[in-house]
Amino acid sequence: MSVASGTATELVHRIFDLQRVLRCIVSTSVARDAKVGFALQGVLRFIGEGESRATHLASRLGVSPPVLSRHIAELEELGLVVRRPDPADGRAQLVALSEEGLAQLREFEEERSTRLRGYLAEWSEEDALEAGRVIEKLTDSLNRSIREQHHSIRAKAAGPSPLNHTTEEATSLGKANA
């Protein structure tokens, strides 16, 4: 099962078109005077999925830990996020939404939902559900591919390992290193 080159190219174009439209929507819909910008709203959404370590959140968001740390500090300063020591590892911290953060997240999501319903007024419920399924499948496939590529790059960077070779190759490596 493979996607033809032309189909993949067309899909890339459609994804770029969607990104452009979404940027336009975001730039016109996020209030200029809002204390929580679009990027921080995205961080709130992920934190709202449940208490988690910042390193796990950074990985899920695809940002570096220092970038996420700045976002979390800003959200904490606004009273939207709380941190507490991780009972499993005293050096680590768990991040969660405060009551105010939870209320703010609900408000953002309701505003987005209302706006999207307006944009998709000519869509049927079935259209929206099918779009959701296709977007979820695309996201899952891309995430899985990215994880596999990341693991492959890390394995190559680690260099030769007896775990990455057949028994015969590992024996040869062991003799060469002796």
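Below you will find a few notes about this structure. Quick caveat: nothing in here was measured; it's all calculated off a predicted structure.

**Quick word on the overall build of the protein chain**
Across its full length, the protein chain holds seven helices and three strands. Each helix and strand of the protein chain, placed in order from N terminus to C terminus, yields the pattern α-α-β-α-α-β-β-α-α-α. Counting across all 178 residues of the protein chain, residues that qualify as buried make up 16%. Restricting the contact set of the protein chain to residue pairs at least 6 apart, pairs at least 24 apart contribute 46%. Taken as a whole, the protein chain presents about 13,200 Å² of accessible surface, with 57% of it coming from carbon and sulfur.

**Considering the environment of Leu 80**
Position of Leu 80 relative to the elements: it lies in the loop between α4 (65–77) and β2 (81–86). By relative accessible area, Leu 80 is classed as buried at 0%. The spacing of Leu 80 and Glu 100 is 20 residues in sequence and 5.5 Å in space, taken between C-alpha atoms. Excluding residues within four positions of it along the chain, Leu 80 makes contact with Val 36, Leu 44, Leu 75, Ala 96, Leu 97, Ser 98, Glu 100, Gly 101 and Gln 104.

**Examining the pattern of salt bridges**
One pass over the structure, following the stated rule, counts 11 salt bridges. Where Arg 45 meets Glu 49, a salt bridge forms, and the shortest distance between an N and an O atom there is 3.5 Å. By relative accessible area, which is 38% here, Arg 45 ends up partly exposed. For Glu 49, a relative accessible area of 45% puts it in the partly exposed group. Measuring nitrogen to oxygen at the nearest pair gives 2.7 Å for the salt bridge that ties Glu 49 to Arg 60. A residue pair is termed long-range when its members are at least 10 positions apart, and Glu 49 in the loop between α2 (38–47) and β1 (52–53) and Arg 60 in helix α3 (residues 54–61) qualify at 11 residues. Judged by relative accessible area, Arg 60 falls into the partly exposed class, the value being 38%. Through salt bridges with shared partners, a single ionic network connects Arg 53, Asp 86, Asp 89 and Arg 91.

**Describing the packing of aromatic side chains**
Two measures describe an aromatic ring pair: the distance that separates the ring centres and the angle between the ring planes. The tally for this structure, following the rule as stated, stands at zero aromatic pairs. Positioned above the aromatic ring of Phe 46, the side-chain terminus of Arg 45 is 4.9 Å from the ring centre.

**Thoughts on the sheet that holds β1**
One open sheet accounts for three strands, arranged β1-β3-β2; its pairing is antiparallel. The open sheet has two edge strands with one neighbour each: β1 and β2.

**Thoughts on α2**
Residues of α2 that are buried include every one of Leu 40, Gln 41, Val 43, Leu 44, Phe 46 and Ile 47, and no others. Contacts made by the buried residues of α2 are with α3, α4, β2, β3 (89–97) and α5 (99–119).

**Details of the nonpolar core**
Counting 17 residues, the largest nonpolar core has Leu 44, Ile 47, Leu 75 and Val 81 as the members making the most contacts within it. Put simply, the parts of the chain that give this core at least two residues each are α2, α3, α4, β3 and α5. Considering every element that reaches this core, the biggest residue donor is α2, with five residues. Apart from residues no more than four positions distant in its own chain, Ile 47 is found in contact with Leu 57, Ile 72, Leu 75, Val 81, Val 95, Ala 96 and Leu 97.

Rules behind the numbers
Residues numbered from 1 in each chain as written. Predicted model: local features only at pLDDT ≥ 70, side-chain atom pairs only at ≥ 80, totals over all residues. Heavy atoms only, no water. Helix = DSSP H or I, 4+ residues; strand = E, 2+ residues; numbered from the N terminus. Buried < 20%, exposed > 50% of the residue type's maximum accessible area, 1.4 Å probe, protein only. Contact = heavy atoms within 4.5 Å. Areas by Shrake-Rupley, 256 points an atom, 1.4 Å probe, with all protein chains shown as cover. Salt bridge = Lys/Arg side-chain N within 4 Å of Asp/Glu carboxyl O. Phe/Tyr/Trp six-rings, centres within 6.5 Å; stacked < 30°, edge-to-face > 60°. Lys NZ or Arg CZ within 6 Å of the ring centre and 35° of its normal. Pairing = 2+ DSSP bridges. Core = buried A, V, L, I, M, F, W, Y, C linked by side-chain atoms within 4.5 Å.

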